Amino acid sequence: MFHTASTTPGKLLQMVAALLLFAAIMGIILFLAGRLGRGKGGDKWVAYLYLTPAVLLLLVGLVYPGLRTIYESFFDAAGKAFIGFDNYKTIFTDKDQLTVLRNTVFWVVLTPFVATGIGLVYAILVDKSRFESVAKALIFLPMSISFVAASVIWKFVYEYRPDQVGVKQIGLLNQIIVWFGGKPVQLLIESPLNTFLLIVVMIWIQAGFAMTVLSAAIKAIPDDIIEAARLDGVNPWTMFKNITLPSVRPTVVVVLTTIGIGTLKVFDIVRTMTGGQFKTSVVANEFYSQTFRADNQGLGAALAVLLFILVIPIVAYNVRQVRQGAR
Amino acid sequence: MSTVTPLTTGPEITPKQLSASTVAKKKLSSPWASLAVIIIAVLWTVPTFGLLVSSFRPERAIKRTGWWTFFSDPQVTMDNYKAVFGQDGGINLADFFVNSLVICIPSVLIPLALAAVSAYAFAWIEFKGKNFLFLAIFALQIVPLQVTLIPVLEIFVKIHLTGTFWTLWLAHSTFALPLAIYLLHNFMQEIPATLIEAARIDGAGHVSIFFKVMLPLLTPALAAFGIFQFLWTWNDLLVALVFAGGGNEVAPITLQLANLSGTRGTAWQLLSAGAFVSILVPVTVFLLLQRYFVRGLLAGSVKG
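Predicted, not measured: the structure shown is a model, and the values here were computed from it.

**Q** Looking at this structure, how should I read the overall build of chain A?
**A** Per the secondary structure count, chain A includes 13 helices and zero strands. From first element to last, N terminus to C terminus, chain A shows the α and β order α-α-α-α-α-α-α-α-α-α-α-α-α. On C-alpha atoms alone, chain A measures out to a radius of gyration of 26 Å, which is more than a quarter above the 20 Å that the 2.2 N^0.38 rule sets for 327 residues. With the principal axes as the frame, chain A shows a C-alpha extent of 75 × 60 × 50 Å. The buried share of chain A, reckoned over its 327 residues, is 44%. Here the analysis covers contacts within chain A between residues at least 6 apart in sequence; of these, 64% occur between residues at least 24 apart.

What follows is the structure, given as structure tokens:
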């Protein structure tokens, strides 16, 4: 049951076997919990039993690997010789790595703000309109598909055909450029244009998330506040600035930071659209390229650790803002 | 408007309805607002629509003319879909589709069950080290996958699990646990303590309370997280690449689509149809269970 299944019935059978095995483990845990829970002070044994499988998985699958990666980031490409902070030095001095860092900054700054901005404006505009649910579903749908499928969709938009007689553009964006009298551009090859075009894909996916969460926050603003403002003759802009925005501000912070963290780890889009070529790589993609393509384990580990370090301030800011909002 | 005093609005009208409709009317009466909505909606729909139209066009037409010419010269074919399910060319998506399902189902059920019992322990049982342990698991949420992948792969190599579904089941289950435990714990805490106490007085133990009191109340939360985790697993590329990248036996459909995009970047007849086959399941799940999905999103982000 631990072999590689290669036929469809074989795969399904293995899945059922795995689920039965898991059910058996859960059964044993619950049975023991039922027995132990009866005695005096048995409560805590029930808790330990309930927590054991999860804690074990987390220790082996998250805590140990995390520490191990930090350790490996101080070793060379083959993981043999200790080289101190050299991998980190490479990240901050090597020309290619600096491009990676620059691109990551573009991604992490642009995506959250643009996606949240669009999501907020859209949520306000369609709120309480007749087509609200349809209009929201249109924007939200990209959230449910994979980054890979989204990348294929947009790669087609950016498709380039050489500027020759008799050759027609099949990518929408280049066709629009041609309609306006321009010459077609190799959109995914021109740097830094290509990075911004990849960022568009992430914004396209994340705006729906921002819109949904912010829309719920807008609907939670008490009606009497809006009514009072309306009776005072407040115009829509002042209403937005003085009532809507302050009310949803904590949610905006959460949305910004959530998208920011997601963007920091973006990998699928870069890999599917350019493979990190043409100066489009970002930290998360470079981690993969260095580890599996360039066989530089040490540098790969250092990039993963950098990702971890970069997440921390965003999370800290989020936690602080949420705490302040709660007060 | 400003001359209207609250007193005069009293008896005749229901303020709530008035406010809702007038605010909406005011907004939509502005042509700029409507224009903005239409532009955003079009920008968000057209790219997908273009690829969808293309997936039904013949290969020759896709490669020579833009999809918008479809409206002046409609040619429809199912050949592209037949091709991605065909045996020749080595891109039989049906196999990868099965792989995705086989990966997803245990990867949703296992963390859901483990997180439910863990969350129960955190929410309703007193034990030593509880707060520290909960905080530690909460903090694990911020660990990026990338940090863990290589050492986990090394473990799988050591215990000879590489190239099997077990790697993906175990990895996805583990990575899902911190968020799942945190979310379910939040939901469980909202259940009134009197319900649990009443059951305890009746002599029920933690096992029967869990099944008879908790689970029925917890169904919406379990559904919300289940959908979330299903979409996450179905759409994942990174974990699949690292643990199933070697062979096609256990690779999910996203991985095959990504490979197609890399190696046959111009085979738009295959890419377009392949993309929509891969989208089919998540979009269906999403449309049918949108309510739960949105609830899960809100619980995950608004509560922080």
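**Q** Explain the overall build of chain B here, please?
**A** When its secondary structure is counted, chain B shows 15 helices and zero strands. Expressed as a percentage of the 304 residues in chain B, the buried residues total 44%.

**Q** Is there a simple way to think about the interface of chain A and chain B in this case?
**A** Frequently, the measure chosen for interface size is the accessible area that the parts lose on association. Taken together, the contact between chain A and chain B spans 102 residues of the former and 98 residues of the latter. If one sorts the elements of the side of chain A that touches chain B by residue count, helix H2 (residues 43-72) of chain A sits on top with 18 residues. Residue composition of the side of chain A that touches chain B, by class: 64 nonpolar, 23 polar and 15 charged.

**Q** How do you make sense of the packing of helix H4 (residues 95-126) of chain A against helix H10 (residues 236-264) of chain A when you look at a structure like this?
**A** When two helices pack together, their arrangement is captured by the angle between the axes and the distance separating the axes. Residues and elements named next belong to chain A. As a packed pair, H4 and H10 sit with axes 9 Å apart at the nearest point and diverge in direction by 140°. Looking at the two axes, H4 sits oblique to H10. In this structure, H4 meets H10 at a crossing whose hand is right-handed. Along its contact with H4, which presents Trp-107, Val-108, Thr-111, Pro-112, Ala-115, Thr-116 and Ile-124, the element H10 presents Phe-240, Thr-244, Val-252, Val-255, Leu-256, Ile-259, Gly-260, Thr-263 and Leu-264. The class makeup of the residues in the contact of H4 with H10 is eleven nonpolar, five polar and no charged.

**Q** How do you make sense of the environment of Thr99(A) when you look at a structure like this?
**A** Structurally, Thr99(A) can be placed in helix H4. In this structure the C-alpha to C-alpha distance between Thr99(A) and Asn318(A), which are 219 residues apart in sequence, comes to 28 Å.

**Q** Help me understand helix H6 (residues 93-124) of chain B in this model?
**A** For an α-helix the count is 3.6 residues per turn, leaving residues at separations of three or four pointing the same way. The terminal C-alpha atoms of H6(B) lie 46 Å apart, and with 32 residues this matches the ideal 46 Å at 1.5 Å per residue to within 8%. Across the 32 residues that make up H6(B), a large majority, 24, are buried.

**Q** Sorry if this is basic, but what is going on with the environment of Val76(B) here?
**A** With respect to the helices and strands, the residue Val76(B) is situated in the loop between helix H4 (59-64) and helix H5 (79-84). Overall, the presence of 10 C-beta atoms within 10 Å leaves Val76(B) in the exposed class.

**Q** Any chance you could explain the confidence of the model for chain B here in plain terms?
**A** Should the pLDDT be low somewhere, the predicted coordinates at that spot are not to be read in detail. On average, chain B scores 85 in pLDDT, and the residues at 70 or more come to 86%. Per the prediction output, this complex has pTM 0.91; the corresponding ipTM is 0.92.

**Q** I'm lost on the nonpolar core in this one. Help?
**A** The nonpolar side chains of soluble globular proteins are, as a tendency, buried together. If you look at the biggest cluster of nonpolar residues, it comprises 173 residues, and the most contacted ones within it are Ala210(A), Leu214(A), Tyr120(B), Leu168(B) and Leu184(B). Beyond its immediate stretch of four places on either side in the chain, Tyr120(B) contacts Tyr50(A), Met188(B), Phe210(B) and Met214(B).

**Q** Help me understand the environment of Trp124(B), please; the structure alone is not making it clear to me.
**A** All names here are of chain B. Within the secondary structure layout, Trp-124 lies in helix H6. According to the C-beta neighbour criterion, Trp-124 is buried, with 22 such atoms within 10 Å. Remark: the alpha-carbon pair of Trp-124 and Ala-193, spanning 69 residues in sequence, is separated by 8.6 Å.

**Q** Where do I start with the confidence of the model for chain A in this structure?
**A** Chain-level pLDDT for chain A is 92 on average; 98% of the residues reach the 70-or-more range. Looking over chain A, one finds the lowest element-wise mean pLDDT in helix H9 (residues 223-231) of chain A, namely 86, and the highest in helix H3 (residues 86-93) of chain A, namely 97.

**Q** What is the right way to read unusual backbone geometry from this model?
**A** In terms of backbone geometry, most residues other than glycine have negative phi values and most peptide bonds are trans. All names here are of chain A. Going from Ser-191 to Pro-192, the amide bond is cis rather than trans, its omega being 5°. Looking at the secondary structure, you find Pro-192 in the loop between helix H7 (172-179) and helix H8 (193-219). Residue Lys-279 is not a glycine yet carries a positive backbone phi of 60°. Structurally, Lys-279 is set in the loop between helix H11 (268-273) and helix H12 (283-293). Backbone geometry places Asp-295, a non-glycine residue, at a positive phi of 55°. Note on placement: Asp-295 falls in the loop between H12 and helix H13 (297-326). Take Asp-295: there are 11 C-beta atoms within 10 Å of it, and that puts it in the exposed class.

Procedures and definitions
- Residues numbered from 1 in each chain as written.
- Chains lettered and ligands numbered in written order.
- Predicted model: local features only at pLDDT ≥ 70, side-chain atom pairs only at ≥ 80, totals over all residues.
- Helix = DSSP H or I, 4+ residues; strand = E, 2+ residues; numbered from the N terminus.
- Rg over C-alpha atoms; globule rule 2.2 N^0.38 Å.
- Buried ≥ 20, exposed ≤ 12 C-beta atoms within 10 Å, placed from the backbone.
- Contact = placed C-beta atoms within 7 Å.
- Nonpolar A, V, L, I, M, F, W, Y, C, P; charged D, E, K, R; others polar.
- Axes fitted to C-alpha atoms, helices over the stretch in contact; angles between N-to-C directions.
- Parallel < 35°, antiparallel > 145°, perpendicular 65-115°, else oblique.
- Left-handed = near helix turned anticlockwise from the far one by under 90°.
- Expected span 1.5 Å × (residues − 1).
- pLDDT = per-residue confidence, 0-100.
- Core = buried A, V, L, I, M, F, W, Y, C linked by C-beta atoms within 7 Å.

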